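In case you want the letters, here they are:
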Amino acid sequence: MPNKRSGGGLSATQQAAKFLGVSVLAGAVMAGIALPAAGALGLAAKGSVEGFDEIPANLKRPPLSQRTTILDAKGGQLATVYSRDRTVVELKDISPYLQKAIVAIEDSRFYEHGAIDLKGVLRALNKNAQSGGVAEGASTLTQQLVKNVFVEEAGDDPTKVAQAQQQTIGRKIKELKYAIQVEEQLGKKKILENYLNITFFGQQAYGAEAGARRYFSKAAKDLTLPQAALLAGIVQSPTRYDPVNDPAEAIKRRNTVLKRMAEVGDITPQAAEAAKKAPLGLKVSQPKNGCIAAVRGASFFCKYVEKEFLANPVFGKTREDRTKIWNQGGLTIRTTLDPQSQASVQASIKEHVNKSDSVATAVTLVEPGTGKILGMGQSKPYGYGKNETEINYSVGNDRGGSNFGFPTGSTFKPFVAAAALEEGRPAIQEYSSPYQMTYPSPVQTCSGKPWTNLTDEKLENESESEKGPYRLRKAMELSVNTYFVQMISDIGLCPVAKMTDALHVTQGNGDKLPEVPAIALGSKGISPLTMASAYASFASRGMYCTPVAIESITQKSNGEEKSLEVPKSTCSRAMSETTADTINTLLQGVVDSGTGKEAGLTDRDNAGKTGTTDARKNAWFVGYTPALSGAVWVGSAMQNVKMTNISIGGQFWELVYGGKVPGPIWKDAMTGALVGKDSGKFNIIPIIEPTPPKPRDKGDGRGDGNNGDNNGNNIAGANGDNGGNTTFPNPTFSLPEGFIQGNDNGGNNGNGNGDGFNGGFP
């Protein structure tokens, strides 16, 4: 396509053949239009002429593909995306110099002839015969317009483009007949306007406006005479007359256009000569097509928006329908991306992780209660070079992310806790939580077929010092593995599966999570966007909202603007308010005094959870305030880097924990995103831990012993609190004398040396 001119761009041999064909077709078509499809012409071209009694709507108002503009939530431009870099403008917004230059060089009798310039055909044939080559073309601007509409409709499909350019008699008859109808119904000015908007000017620029901005960084209406002549000259062969790559040829062609303008009386010979002396005066604006050129680190978010458009049935029943709308362009897409949040995400990433590091980070921020994606970024930039990638680490595979997501480690544990609370387990639930244990078996599943530990699999806590018993608050703060596996054994796997379904937590490839006890330890890959959205449900007191990236879309086509329907976030209750409030209370403890204290915000309510996977290949921090939820992942996309004795962001780490590297990234990203914003308060649920009984070990028997006698024959130590460190209430019933006896002289007012266990009330 770029190597052909808008009117054909054919070789000398092809053009010569074309002219001969046109000379025949010119008369033939006139007869074919005036007469029924009969006789020699009718038999030869019947299939090509029939059915063309009405001009198609696409020729009256061509559906020209245009650039799509993607904006942030405040209206700032993030990127422009286009199949064709084109901005459609009205004729009044195109320099009169360019209008005259195009007509002069492409079709100087445009305002005098009809759709087919028979005089021009004969003149061209005569001139070409005299020169022995092809010196002049014969297609009118109207014919070129019709052909370009066919090519435009073919899009980027090479087969369809070839069909649209076929130099067959049937194709030519179709083209010529449409040209006649276009002339009758549109008029010269509208034809010229459509032509100047559809034609290709090289350097990815389609239409006069894009051409003017590409080469001169100005609007088409502001083009000077020499600039207009240069653009008009490019049309015949955008490759040959490319002023960027071959300025000498471009100047020669420009001067040819100026000469022709003087010959037809559009400008004076003096003006033409003055313009010929002008330098090219290029001020080239490089194409900034696509998400790769997005500003503020929003390339991956931009690509997410594109993927969402192409995949969501809201924008068309089939993917083909949606692709057609996207490629046609002319869209203005306002997204949910908050510029303040995005700037904070990028600044935090830059501060903590280098793009050349052996590991990467991905950060996603979501608004609780709305599902709006407010920030999205990663340390490996969008691109195809070293330390760049096309993979969006923040999202699932169906939106351009990794194949499976990334194992989440202990950030999964709040889902287990929420499931247990929904099942009626108390917030002070206690389990023995040994340092090491065998996975309990069997464990019930939703299918009714229990999971069994057939291979005697074991698990252990992070440190040997972590051994129970523990209650839920402490187990969450310390992230005790065995506690949460015991919790799953207690409630079964089905409640956990139901909770993750309600929170839309799936693997990165879209599959449901398996029902196995190891899921409590975050063994399966999940995307940061999924985790941020799920944790946002805790912040919004149990309401889950599907993530959304698009606020509104308007489409400009044929000079008209219309609004398109966009997908809305769907919110549903995932858990009770009490359960969510309890999780908030528990996770607030994690950032106050637990594994995530280095991530905690000091100026507002916040909560979160750390996560680190086996061999330290992944580290996470997922946290939130009532107004903002964020997930941070650090690791290798290929899962082949153990984060021990490693440099990240220029800092050496002997061991990477979720609270050590991801935690500070989260803290900085959230802090900047929330500056000047009220993030609200949690509804805290008091979790009153029972006073633990004092351990009954062997004491020296020196209780108060008010009921003991010198022989220890009564209830030794019953009223004391030091008798074996155990306090028992006085009995409310009478016992026979000597029924309970002390041991080893427990008398002397309880100061004897008896065994503390036997000397106290049982």
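Residues numbered from 1 in each chain as written. Predicted model: local features only at pLDDT ≥ 70, side-chain atom pairs only at ≥ 80, totals over all residues. Heavy atoms only, no water.

### Let's talk about the overall build of the protein
And then number 1: When helices and strands are tallied, the protein shows 24 helices and 20 strands.
And then number 2: For the protein, the proportion of its 762 residues judged to be buried stands at 52%.
And then number 3: Restricting the contact set of the protein to residue pairs at least 6 apart, pairs at least 24 apart contribute 71%.
And then number 4: Carbon and sulfur atoms make up 49% of the accessible area of the protein, which totals about 33400 Å². (Helix = DSSP H or I, 4+ residues; strand = E, 2+ residues; numbered from the N terminus. Buried < 20%, exposed > 50% of the residue type's maximum accessible area, 1.4 Å probe, protein only. Contact = heavy atoms within 4.5 Å. Areas by Shrake-Rupley, 256 points an atom, 1.4 Å probe, with all protein chains shown as cover.)

### Focus on the side chain of Ser 636
And then number 1: Relative to the helices and strands, Ser 636 is located in the loop between strand S18 (628-635) and strand S19 (644-648).
And then number 2: Take Ser 636: its relative accessible area is 5%, and that puts it in the buried class.
And then number 3: One polar contact links Ser 636 to Asn 640, side chain to side chain, over a distance of 2.7 Å.
And then number 4: With residues near it in sequence (within four places) discarded, Ser 636 still touches Ser 358, Val 359, Phe 406, Lys 617 and Val 641. (Polar contact = N/O pair within 3.5 Å; in protein donor to acceptor, adjacent residues only side chain to side chain.)

### Describing the environment of Leu 176
And then number 1: Mapped onto the secondary structure, Leu 176 falls in helix H8 (residues 169-186).
And then number 2: The spatial distance from the C-alpha of Leu 176 to the C-alpha of Gln 144 is 9.9 Å, given a sequence separation of 32 residues.

### Examining unusual backbone geometry
And then number 1: Here Ser 441 and Pro 442 are connected by a cis peptide whose omega angle stands at 0°.
And then number 2: As for its placement among the helices and strands, Pro 442 is situated in the loop between strand S8 (436-438) and strand S9 (458-460).
And then number 3: Of note, the phi angle at Gln 203 is positive, near 50°, even though the residue is not glycine.
And then number 4: Position of Gln 203 relative to the elements: it lies in the loop between helix H9 (188-198) and helix H10 (208-216).
And then number 5: Residue classification places Gln 203 among the partly exposed positions, given a relative accessible area of 23%.
And then number 6: Despite not being glycine, Gln 639 has its phi angle at roughly 60°, a positive value.
And then number 7: Along the chain, Gln 639 turns up in the loop between S18 and S19.
And then number 8: On the basis of relative accessibility, which here comes to 23%, the residue Gln 639 falls in the partly exposed class.

### Structural notes on helix H23 (residues 662-674)
And then number 1: Compared with the 18 Å implied by 1.5 Å per residue over 13 residues, the 18 Å span of H23 between its first and last C-alpha is a close match.
And then number 2: Every buried residue of H23 is accounted for by Pro 662, Gly 663, Pro 664, Ile 665, Trp 666, Ala 669, Met 670, Ala 673 and Leu 674.
And then number 3: Phi turns positive one or two residues past the end of H23, at Gly 676, with a value near 80°. (Expected span 1.5 Å × (residues − 1).)

### Considering the state of the cysteines
Here is the idea: a disulfide is a covalent bond, and it sits between the sulfur atoms of two cysteines.
And then number 1: Scanning the entire structure with this criterion turns up three disulfides.
And then number 2: Cys 291 shares a disulfide with Cys 302; S-S distance 2.0 Å. With the S-S bond torsion at -65°, the cross-link from Cys 291 to Cys 302 turns out left-handed. With a gap of 11 residues between them, Cys 291 in the loop between helix H13 (269-276) and helix H14 (299-311) and Cys 302 in helix H14 connect regions that are remote in the sequence.
And then number 3: By relative accessible area, Cys 291 is classed as buried at 4%. (Disulfide = S-S within 2.5 Å.)

### What about the sheet that holds strand S4 (residues 360-366)?
And then number 1: Spatial strand order, S5-S4-S18-S17-S16: five strands in an open sheet with antiparallel pairing. The strands lining the two open edges of the sheet, one partner per strand, are strand S5 (373-378) and strand S16 (607-612). Direction aside, neighbouring strands of the sheet carry axes that sit 5° apart on average.
And then number 2: Running at roughly 35° to strand S17 (residues 618-625), helix H21 (residues 528-539) makes contact with S4, S5, S16, S17 and S18 of the sheet. (Pairing = 2+ DSSP bridges. Axes fitted to C-alpha atoms, helices over the stretch in contact; angles between N-to-C directions.)

### Quick look at the pattern of salt bridges
And then number 1: In the structure shown here, the tally under the stated rule is 32 salt bridges.
And then number 2: Across the pair Asp 501 and Lys 512 runs a salt bridge whose closest N-O atoms are separated by 2.7 Å. Of this pair, Asp 501 sits in helix H20 (residues 493-502) while Lys 512 sits in the loop between H20 and strand S11 (525-526), and the two are 11 residues apart along the sequence.
And then number 3: By relative accessible area, Lys 512 is classed as exposed at 52%.
And then number 4: Three or more residues joined by partner-sharing salt bridges are found here, namely Arg 67, Asp 85 and Arg 214. (Salt bridge = Lys/Arg side-chain N within 4 Å of Asp/Glu carboxyl O.)

### Considerations on H9
And then number 1: Burial analysis of H9 places nine of its 11 residues in the buried class, the great majority of the element.
And then number 2: Inspection of H9 places Lys 188, Ile 191, Leu 192, Glu 193, Asn 194, Tyr 195, Leu 196, Asn 197 and Ile 198 among the buried residues, and these make up the whole buried set.

### Quick notes on the environment of Asn 618
And then number 1: Within the element layout of this structure, Asn 618 appears in strand S17.
And then number 2: In this structure, the C-alpha to C-alpha distance between Asn 618 and Gly 409, residues 209 residues apart in sequence, is 7.7 Å.
And then number 3: Contact partners of Asn 618, with chain neighbours within four places excluded, come to Phe 406, Pro 407, Gly 611, Thr 612, Thr 613, Trp 633, Val 634, Gln 639 and Met 643.
And then number 4: Looking at Asn 618, its side chain comes within polar contact range of the side chain of Gln 639, at 2.7 Å.

### Quick notes on empty space enclosed by the protein
And then number 1: As enumerated under the stated definition, the model contains six cavities of 30 Å³ or more in all.
And then number 2: As for the second largest cavity, its lining consists of Phe 412, Leu 493, Val 496, Ala 497, Thr 500, Leu 513, Pro 514, Glu 515 and Ile 519.
And then number 3: Taken together, the residues of the lining of the second largest cavity break down into seven nonpolar, one polar and one charged. (1 Å grid on protein atoms, 1.4 Å probe; cavity = no way out; pocket = protein on both sides within 12 Å on 5 of 7 lines; lining within 4 Å. Points joined across faces, edges and corners; volume = space filled by probe spheres on them. Nonpolar A, V, L, I, M, F, W, Y, C, P; charged D, E, K, R; others polar.)

### A word on the packing of H10 against helix H11 (residues 225-234)
And then number 1: The N-to-C vectors of H10 and H11 enclose an angle of 115°; their axes lie 11 Å apart at closest approach. Judged on the interaxial angle alone, H11 and H10 are roughly perpendicular. Where H10 crosses over H11, the handedness of that crossing is right-handed. On H11, the residues that touch Gly 211, Ala 212, Tyr 215 and Phe 216 of H10 are Gln 227, Leu 230, Leu 231 and Ile 234.
And then number 2: For the contact of H10 with H11, a count of residues per class yields six nonpolar, two polar and no charged. (Parallel < 35°, antiparallel > 145°, perpendicular 65-115°, else oblique. Left-handed = near helix turned anticlockwise from the far one by under 90°.)

### Details of the sheet that holds strand S3 (residues 331-335)
And then number 1: Taken in spatial order, the five strands of this open sheet run S2-S1-S3-S13-S14, and their pairing is mixed. Of all the strands in the sheet, the pair left with one neighbour each is strand S2 (77-81) and strand S14 (560-564). Neighbour-to-neighbour, the strand axes of this sheet turn through a mean angle of 20°, independent of strand direction.
And then number 2: Summarising the sheet, strand S1 (residues 68-71) and S2 pair through four bridges and their orientation is antiparallel. Looking at the pairing, Thr 68 lines up with Val 81 of S2.

### So, the confidence of the model for the protein
And then number 1: When the pLDDT values of the protein are averaged, the result is 84; 80% of them are 70 or greater.
And then number 2: Throughout residues 133-137 the model reports pLDDT below 50, and contacts reaching past four residues in sequence, or to other chains, amount to 14 contacts.
And then number 3: Predicted confidence for residues 698-762 stays below pLDDT 50, and this span has 97 contacts to residues more than four positions away or in other chains. (pLDDT = per-residue confidence, 0-100.)

### Re the pairing of S3
Regular strands place their side chains on alternate faces of the sheet.
And then number 1: Of the two faces of S3, only one is covered, namely that formed by Leu 331, Ile 333 and Thr 335; the face formed by Thr 332 and Arg 334 stays uncovered.
And then number 2: For S1 and S3, the ladder comprises three bridges, and the chain directions are parallel. Pairing of Ile 70 across the sheet is with Ile 333, part of S3.
And then number 3: In this sheet, strand S13 (residues 550-557) lies alongside S3 in antiparallel orientation, the contact comprising five bridges. Counterpart to Leu 331 in the pairing with S13 is Gln 555.

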